[in-house]
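# Geometric and topological summary
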Amino acid sequence: MGFATIIMPDGRTWVPKFVLEINKEKCIGCGRCFKVCGREVLQLMGMDEDGELIQVDIDDDDDDDEYEKKVMTVANGQNCIGCEACARICPKKCYTHAAMAL
Ligand code: SF4
Ligand code: SF4
């Protein structure tokens, strides 16, 4: 079994690792990953005590009674190019990525 592989201009190969999951328990909602992703994959959401997700504004610093904390979510996973910039910048190691099996 092989993995989806990119051939770079100098002939080297690179295996992209696509975002699979963000650990909601570890995530502190800092938004760093959102800022480095150029593919509109991610979305910040509010999470209430039952784990239900609620729409929030990423620039809104006000704590809302409707949710317990903010967490990053994968809203458009199909846009991911597997660059792993989000995982590298995450201070809490929330990300799980994987290569695409062919
Ligand atoms: S791997 Fe790259 S494209 Fe995919 S979610 Fe992370 S930063 Fe965005
Ligand atoms: S960088 Fe990590 S801790 Fe911060 S919002 Fe993204 S997933 Fe959560």
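We now turn to the structure provided with this report. (Residues numbered from 1 in each chain as written. Chains lettered and ligands numbered in written order. Predicted model: local features only at pLDDT ≥ 70, side-chain atom pairs only at ≥ 80, totals over all residues. Heavy atoms only, no water.)

## Topic: the site of ligand 1
- Around ligand 1, the surrounding shell consists of Cys37, Arg39, Val41, Cys80, Ile81, Gly82, Cys83, Glu84, Cys86 and His97.
- Of the residues belonging to the shell around ligand 1, the class tally is 6 nonpolar, 2 polar and 2 charged. (Near = heavy atom within 4 Å. Nonpolar A, V, L, I, M, F, W, Y, C, P; charged D, E, K, R; others polar.)

## So, the sheet that holds strand β4 (residues 42–47)
- Here we have 3 strands laid out as an open sheet, ordered β5-β4-β6, and antiparallel in their pairing. In the strand order of this sheet, the two ends are held by β5 (53–55) and β6 (69–74), each with one partner. For this sheet the average axis-to-axis angle between neighbouring strands, irrespective of direction, equals 50°.
- Of the pairings in the sheet, the one linking β4 to β5 comprises 3 bridges and is antiparallel in character. In the strand pairing of β5, Met47 is matched with Leu53. (Pairing = 2+ DSSP bridges. Helix = DSSP H or I, 4+ residues; strand = E, 2+ residues; numbered from the N terminus. Axes fitted to C-alpha atoms, helices over the stretch in contact; angles between N-to-C directions.)

## Quick look at a nonpolar patch on the surface
- On the surface, a cluster of nonpolar side chains totalling about 330 Å² of accessible area is made up of Met1, Phe3 and Val15.
- Turning to its location among the elements, Phe3 is positioned in the segment before β1 (6–7). (Patch = residues over 30% accessible without salt bridge, like charges linked within 9 Å, V, L, I, M, F, W, Y side chains within 5 Å. Areas by Shrake-Rupley, 256 points an atom, 1.4 Å probe, with all protein chains shown as cover. Salt bridge = Lys/Arg side-chain N within 4 Å of Asp/Glu carboxyl O.)

## Observations regarding the site of ligand 2
- In the neighbourhood of ligand 2, 14 residues make up the surrounding shell, with Cys27, Cys30, Gly31, Cys33 and Cys90 lying closest.
- Its residues assigned to classes, the shell around ligand 2 comprises 10 nonpolar, 2 polar and 2 charged.

## Comments concerning the nonpolar core
- Formed by 18 residues in total, the largest nonpolar core has its most connected members in Ile22, Cys33, Leu42, Met72, Cys94 and Tyr95.
- If sequence neighbours within four positions are ignored, Ile22 has contacts with Leu42, Met72, Thr73, Val74, Cys94 and Tyr95. (Core = buried A, V, L, I, M, F, W, Y, C linked by side-chain atoms within 4.5 Å. Buried < 20%, exposed > 50% of the residue type's maximum accessible area, 1.4 Å probe, protein only. Contact = heavy atoms within 4.5 Å.)

## Here we look at a negative patch on the surface
- A grouping of Glu49, Asp50, Glu52 and Glu68 is seen on the molecular surface, where their side chains present a negatively charged patch.
- Within the secondary structure, Glu68 sits in the loop between β5 and β6. (Lys, Arg positive; Asp, Glu negative; His and termini not counted. Charge placed at Lys NZ, Arg CZ, Asp CG, Glu CD.)

## A few points about the pattern of salt bridges
- Counting across every chain of the model gives 1 salt bridge.
- One salt bridge connects Arg12 with Asp10, and the closest N-O pair in it is separated by 2.7 Å.
- Relative accessible area serves as the criterion here: at 52%, Arg12 is assigned to the exposed category.
- The class for Asp10 is exposed, based on a relative accessible area of 52%.

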